[in-house]
Amino acid sequence: MDTNVRPESMQRITTKELADAFIAEQVEAVRAQVGDKKVLLALSGGVDSSVVAALLIKAIGKQLVCVHVNHGLMRKDESEQVIKIFGEGLDANLIYVDATDRFLGLLEGVSDPEQKRKIIGGEFIKVFDEESAKLEGISFLAQGTIYPDILESDGVKAHHNVGGLPEDMDMQLVEPVKLLYKDEVRVVGEALGLPHNMVYRQPFPGPGLGVRCLGAITRDRLHALREADAILREEFDNCGLAEKVWQYFVAVPDMTAVGVIDGKRLDGWCAVIRAVNTVDAMTATIEEIPYDVLHKITARITSEVKGISRVLMDITPKPVGTIEFE
Ligand code: XMP
């Protein structure tokens, strides 16, 4: 059988019982494939790599080596959550690399969006390569490939895929969720005991906040973006929109608008809110956010985030706007 083709007969995993059976089956399969060898995994903290990590920890424990590269473009507390859940909670063999200075150094002064993506993608591979070269006896590379990645390997995601790993890595692949759809991966993740907010989190692009800190990234504007985005996410959680909206975030353009804060003029940045619904990211509609929620978010961002003087809302559907800003 071509293992890249999901058999029609395969049952969809919709319940905890079916997920438990899938997990038991994969634990056996991984143990049989790997034996006593070591497996390497790039753990971003996204749904797919997190579920693969939890599954492999269950199957082979410390034979799995997870590498989490913090490129400095993560959302607030994201890397901390990876360390807490996997390093502390699941006692994973976790290598944490804070490569913030490397990435932000290379990105300094670069404003072209594709160039930014290339730098982030290329540097990610370099950092991961360097870390794996320090390790001994790694025979396998685990990946959070899911079924739509195989189906759409020529599509949008492949084009965007900057979290990709070098093709010339001389290792056999371990891809335990490659025949699953995203909703099935989530059911399996919950059955493995991962937190609901990690398993059901919204999509987040590989280049992270790098494509939301528009134009040439500066540390201060990136910091303001991260704080404003955290407020948006917190308020969406509080009012139930987080469960309803497919993707929502703040972008901060490289422009200022005047404001008056504490009686003084401030040339501050604008935080732009975007909240969209879609099924496949090819087209998207705008979620209507109640005005009281918008007022609260605006009040919090302008009072809590240094350097931001205005909050705007983008109501452009896709097409004609893309989901991200650049
Ligand atoms: P656009 O902006 O093209 O986005 O409408 C469609 C979906 O893709 C995500 N996206 C990316 N994902 N690397 C990624 O891994 C990227 O460079 C990238 N650019 C956009 C975007 O967040 C949305 O979900």
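The structure displayed is predicted, hence computed values, not measured ones. (Residues numbered from 1 in each chain as written. Predicted model: local features only at pLDDT ≥ 70, side-chain atom pairs only at ≥ 80, totals over all residues. Heavy atoms only, no water.)

Engineer: Explanation requested: helix 11 (residues 291-304) in the structure shown.
Structural biologist: Note on helix geometry: an α-helix contains 3.6 residues per turn, so any two residues three or four positions apart are oriented the same way. Given a rise of 1.5 Å per residue, 14 residues ought to cover 20 Å, and the 20 Å separating the end C-alpha atoms of helix 11 matches this to within 8%. Buried within helix 11 are the following residues: Val293, Leu294, Ile297, Arg300 and Ile301. Taken around the axis of helix 11, the buried residues stretch over an arc of 135°, which confines them to a single face. Summarising the geometry of helix 11, the exposed residues directed more than 90 degrees from the buried face are Tyr291, Asp292, His295 and Ser303. Along its buried surface, helix 11 packs onto helix 10 (219-238), strand 8 (264-277) and strand 10 (308-313). (Helix = DSSP H or I, 4+ residues; strand = E, 2+ residues; numbered from the N terminus. Expected span 1.5 Å × (residues − 1). Buried < 20%, exposed > 50% of the residue type's maximum accessible area, 1.4 Å probe, protein only. Arc of directions from axis to C-beta. Contact = heavy atoms within 4.5 Å.)

Engineer: What exactly am I supposed to notice about the layout of surface pockets here?
Structural biologist: To find the voids left in a structure, one rolls a probe of water-molecule size over its atoms. Size it by volume and the second largest pocket reaches roughly 490 Å³. Forming the boundary of the second largest pocket are 22 residues, of which Phe22, Glu25, Gln26, Pro176 and Leu179 lie nearest the centre. Partitioning the lining of the second largest pocket into residue classes produces 14 nonpolar, 4 polar and 4 charged. (1 Å grid on protein atoms, 1.4 Å probe; cavity = no way out; pocket = protein on both sides within 12 Å on 5 of 7 lines; lining within 4 Å. Points joined across faces, edges and corners; volume = space filled by probe spheres on them. Nonpolar A, V, L, I, M, F, W, Y, C, P; charged D, E, K, R; others polar.)

Engineer: Before we go on, may I ask you to explain the site of the ligand in this structure?
Structural biologist: Neighbouring the ligand are 12 residues; Arg117, Gln247, Lys318, Ile323 and Glu324 lie closest to it. Arg117 is positioned with one of its side-chain polar atoms (N or O) 2.6 Å from an oxygen atom of the ligand. For the ligand, an oxygen atom lies 2.7 Å from a polar atom in the backbone of Ile323. Protein burial of the ligand: of its 490 Å² of free accessible surface, 87% is covered by the chains. (Near = heavy atom within 4 Å. Polar contact = N/O pair within 3.5 Å; in protein donor to acceptor, adjacent residues only side chain to side chain. Areas by Shrake-Rupley, 256 points an atom, 1.4 Å probe, with all protein chains shown as cover.)

Engineer: What exactly am I supposed to notice about helix 4 (residues 100-107) here?
Structural biologist: Here helix 4 has its buried residues at Thr100, Phe103, Leu104 and Leu107. One face of helix 4 carries all of its buried residues, which in axial projection span an arc of 90°. Of the surrounding elements, those touching the buried residues of helix 4 are strand 2 (64-70), strand 3 (93-98), helix 5 (113-134) and helix 10. Remark: Gly109 follows helix 4 within two positions and exhibits a positive phi of approximately 80°.

Engineer: When you look at the confidence of the model for the protein in this model, what are you seeing that I'm missing?
Structural biologist: A low pLDDT score tells you not to read the predicted coordinates there in detail. Looking at the protein, pLDDT values average 94 and 94% of them are 70 or higher. Confidence drops under pLDDT 50 across residues 155-162; counting only partners more than four residues distant or on other chains, this segment forms 10 contacts. (pLDDT = per-residue confidence, 0-100.)

Engineer: Explanation requested: the nonpolar core in the structure shown.
Structural biologist: Side chains that are nonpolar tend, in soluble globular proteins, to be buried together. Ranked by size, the top nonpolar core spans 49 residues in total, and within it Leu40, Leu222, Phe236, Ile301 and Ile308 carry the most contacts. The element that contributes the greatest number of residues to this core is helix 10, accounting for 7 residues. If sequence neighbours within four positions are ignored, Leu40 has contacts with Val65, Val67, Phe128, Ser132, Leu135, Ile138, Phe140, Leu141, Ala142 and Met171. Core analysis: the second largest hydrophobic core is formed by 40 residues, Val52, Val174, Leu180 and Val185 among them. (Core = buried A, V, L, I, M, F, W, Y, C linked by side-chain atoms within 4.5 Å.)

Engineer: Could you clarify how one ought to interpret the environment of Ser132 in this entry?
Structural biologist: One can find Ser132 in helix 5. Residues Ser132 and Ala59, 73 residues apart in the sequence, show an inter-C-alpha distance of 21 Å.

Engineer: Would you explain the pairing of strand 2 in this entry?
Structural biologist: Regular strands place their side chains on alternate faces of the sheet. A large share of strand 2 lies buried, amounting to 7 of its 7 residues. Here strand 2 shows no split at all, with Leu64, Cys66, His68 and Asn70 on one side and Val65, Val67 and Val69 on the other all buried. Inspection of the sheet shows strand 1 (residues 38-42) paired to strand 2 by 4 bridges, in the parallel sense. Bridge pairing in strand 2 places Ala42 opposite Val67. For the crossover that starts at strand 1, traverses helix 2 (residues 47-60) and ends in the parallel strand 2, the hand is right-handed. Here 6 bridges tie strand 2 to strand 3, and the two strands are oriented parallel to one another. Considered in strand 3, the bridge of Val67 is made with Ile95. (Pairing = 2+ DSSP bridges. Right-handed = clockwise from strand over helix to strand, strands pointing away.)

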